[in-house]
Structures are given as C-alpha cells and as structure tokens.
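Coordinate inspection notes
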Amino acid sequence: MMNRIEEPLADLLERLSLEPVDASTRPGDDLFVGHSPPAGNNRIFGGLVFAQAMRAGQATVEGRGVHSAHAYFLRTGDPDRPIEYAVDRIRDGRSFTTRRVVAFQGEHAIFNLSMSFQVDETGPSRQVDVPVPSEPAGEEYEDGILRAAAKQGMQVTREQLGVGPVQIRVEDGLSMNDGGGREPELRAWFRTRGPLPDDPALHAAILAYASDMTIVVPAQHPMEWGILDPGTQSASLDHAIWFHDDFRIDDWIYGVHESPVLKRSRAIGRALYYAPDGRLVASAVQEGLMRRRSQAGGRD
C-alpha cells in the first residue's frame, strides 16, 4: 500500500499516461485524452497541461528526444471536463522532428504547444557554470504555502494541504507574500517523491510540470505585495523550455531562477536547471500575468 507521500506521484504518472482515442473528430491529427484535478484555485494547473501535451507529442515520435517546447496558455481549463490533445505531425526531417499540440475542451482551444525533437548528436560543448551545493537544503515548498496562507488568516494544516508529486526545497524560504525586500532571484531543488522508469521523455515532461511552480515567483520578491496576496491576479501566459543534456528528475535538480523585468502586468521568469554533478541540463523562460486587482478594471 502506498503512503501519502507516494500517492501524489502515482497520481501524476497516471495522468501523464494519456489515452489514445479515435481522431475522426479532428481529422489529420493524432488524438489523446487526459484529465486534471482542480488546483488550489479550482482551475487546471498549467504545468500539468504542459506536461500532458508534451506526452502527447512524444507519443508520436520514435528515436528522438525533445530539445525544446514552446507553449501558450490560451484559456482557463475546467477540471470537471476531459482535455483532448490533438497532435499535428508537422515535419519529420533527417535531424529534427516538429510537432504541434493543441489542447481542447469542447470546441475551445485552451493551450497551444510547439515541440521540436532531435536525433542524438555530439558536437562542441560549453556552459555557464554555477556552484551547485553538495547537499539539498531549504524550506519545503508546502511549508512556504502554509506560511503565506497563515498571513492571510487562513487556517490550513499541513495534512489538509498535502504534498505535491515533486518535492521542492527553496533556499532562503519561499516568499509569496512577505512584503518585498528580496532580490528577484530564487534557488531551489527539485526531485520526484519516488523513483521513475528509465524514460527520458517522462523525466523531461515532469521537469516542465515542476518548472511552472516557481519560475515567475522571484518577479514579485522586490515588491511590497506577493503573488499570493488577495489583491494579486496571476496566471501563466507562455512558457518555453529547452533540454540540453540527460538528467533524472527522480534525482535532485538544482534550479537557478531570476526575473529581469516586471512591466505592464507581465513578468519574465528565467531558470537554469543543473544536475548534481554541475551539468546544465535544461533552461526555461516564462512570461506570467502579475496584475494588481485595483488596476485590473474588471478584466480577465
């Protein structure tokens, strides 16, 4: 019997095992169906849609690993409805393969993803090095959420909150509504809460899933309000991730985050992901909506 730590990972793996279905409703595409539980805001977690779309695209490619994925979040997803992932096999070249994945709920597209795959190829190599600590340390992500909830007067226990499928430890603590004063930077460790199969495509999809949880958080570090303040409206707008080298997300991955700009209610977050041996294995950039409700004027 699984314990409460293992169950969230088992649930994630089940949700990333998409069901292929008859594509007659969308001729010319490969069609898969996925499901999502409600996130804390009763919406679908964008990182899960990203990961499911990646798995749909990966299911149509053999012998090549994804090297980049570029996504746009188009509409708020409804967790009570299934999601159809339509894969367009745009191109199969000698070195590169391209796929387009659109996630639908009913007639409405809620998410659009472009993916590129490459044959395994050697060539010149260099990277930006950072000192990777020898041991993971930092505040557990869920403890930071509980602190933010307590500041809002919410009585939420650790048992009620539970844990996510990916363990995240944030150096210097997770700041979601701590009143500013920090640099727009964040460093954190990521690891699934249990072992995974030897499937590089699955590890890539889960890193994409986890990256959505932290990548724009440092954008509000210098501000006097937080991303979880009642007066803040936030959402992912677009997200890109590049994969540079082999890695395992069931071993620790060290994420170095920064946010160079927050303007016009849009924040940029950037992250470099390092394996414990110091190899730079992936990079990501996300633009996120970060709007103060007093300035929103009733907009969506």
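Please refer to the structure higher up on the page.
This text gives an overview of the structure that appears in the document. Everything quoted here is computed from the prediction, not taken from an experiment.

Here we look at the overall build of the protein chain
Looking only at helices and strands, one finds six helices and 13 strands in the protein chain. Its C-alpha atoms give the protein chain principal-axis dimensions of about 50 × 45 × 45 Å. Across the 300 residues of the protein chain, 49% fall into the buried class. Put simply, 71% of the contacts in the protein chain that link residues at least 6 apart link residues at least 24 apart.

Regarding the pattern of salt bridges
Considering all chains together, one arrives at 15 salt bridges under this definition. Of the charged contacts, one joins D11 and R15 as a salt bridge, the two residues approaching to 3.0 Å between their closest N and O atoms. Here D11 pairs with R15, and both are found in helix α1 (residues 6–15), just four residues apart, close to one helical turn. With relative accessibility at 32%, the residue D11 sits in the partly exposed group. A relative accessible area of 23% places R15 in the partly exposed class. In this structure, R279 engages D277 in a salt bridge whose closest nitrogen and oxygen atoms are separated by 2.9 Å. D277 sits in the exposed class, given a relative accessible area of 54%. Look at the salt bridges and you will find they share partners, linking E139, R147, K151 and D178 into a network.

A few points about helix α2 (residues 46–58)
Residues that lie three or four places apart on an α-helix share one face, since the helix turns once every 3.6 residues. With 13 residues, α2 should cover 18 Å at 1.5 Å per step; its first-to-last C-alpha distance of 18 Å lies within 8% of that length. With 13 of 13 residues buried, α2 lies mostly within the body of the structure.

Quick word on the pairing of strand β6 (residues 108–118)
Within β6, eight of the 11 residues are buried, leaving the element largely enclosed by the surrounding structure. Pairing analysis gives eight bridges linking strand β3 (residues 65–73) to β6, with the strands arranged antiparallel. Following the sheet pairing, A69 is matched in β6 by M115. Taken together, the 10 bridges between strand β5 (residues 96–105) and β6 define a ladder with antiparallel strand orientation.

Digging into the nonpolar core
If you look at the biggest cluster of nonpolar residues, it comprises 68 residues, and the most contacted ones within it are F50, M54, Y85, F111, L113, F243 and Y273. If one sorts the elements of this core by residue count, helix α5 (residues 200–211) sits on top with eight residues. Setting aside residues no more than four positions away along its own chain, F50 makes contact with A69, A71, F111, L113, A208, H239 and I241. Formed by seven residues, the second largest nonpolar core is a distinct cluster that contains V130, W189, W252 and L280.

Some words on unusual backbone geometry
One non-glycine residue, D172, adopts positive backbone phi at about 65°. Turning to its location among the elements, D172 is positioned in the loop between β8 (166–170) and β9 (185–192). In the Ramachandran plot, R264 falls in the positive-phi region, its phi being about 55° despite a non-glycine side chain. Its location among the elements puts R264 in the loop between β11 (253–263) and β12 (266–274).

Description of a nonpolar patch on the surface
Side chains of M154, V156 and L161 sit close together on the surface and give an oily, nonpolar patch of about 220 Å² of accessible area. In this fold, M154 is placed in the loop between α3 (141–151) and α4 (158–161).

Notes on the packing of α2 against α5
Relative orientation of the contacting elements α2 and α5 amounts to 155°, with a least axis distance of 8 Å. As summarised for this structure, α2 and α5 are arranged roughly antiparallel, according to the angle between their axes. As α2 runs across α5, the sense of the crossing is right-handed. Taken together, the residues of α5 that come into contact with α2 (itself represented by G47, L48, F50, A51, M54, R55 and Q58) are A201, L202, A204, A205, A208 and Y209. Classifying every residue of the contact of α2 with α5 gives 10 nonpolar, two polar and one charged.

Topic: α1
Every buried residue belonging to α1 is among P8, L9 and L12, and all of these are buried. Seen end-on, α1 carries its buried residues on one side only, within an arc spanning 95°. Residues of α1 that are buried make contact with α2, β9 and α5.

Conventions and cut-offs
Residues numbered from 1 in each chain as written. Predicted model: local features only at pLDDT ≥ 70, side-chain atom pairs only at ≥ 80, totals over all residues. Heavy atoms only, no water. Helix = DSSP H or I, 4+ residues; strand = E, 2+ residues; numbered from the N terminus. Buried < 20%, exposed > 50% of the residue type's maximum accessible area, 1.4 Å probe, protein only. Contact = heavy atoms within 4.5 Å. Salt bridge = Lys/Arg side-chain N within 4 Å of Asp/Glu carboxyl O. Expected span 1.5 Å × (residues − 1). Pairing = 2+ DSSP bridges. Core = buried A, V, L, I, M, F, W, Y, C linked by side-chain atoms within 4.5 Å. Patch = residues over 30% accessible without salt bridge, like charges linked within 9 Å, V, L, I, M, F, W, Y side chains within 5 Å. Areas by Shrake-Rupley, 256 points an atom, 1.4 Å probe, with all protein chains shown as cover. Axes fitted to C-alpha atoms, helices over the stretch in contact; angles between N-to-C directions. Parallel < 35°, antiparallel > 145°, perpendicular 65-115°, else oblique. Left-handed = near helix turned anticlockwise from the far one by under 90°. Nonpolar A, V, L, I, M, F, W, Y, C, P; charged D, E, K, R; others polar. Arc of directions from axis to C-beta.

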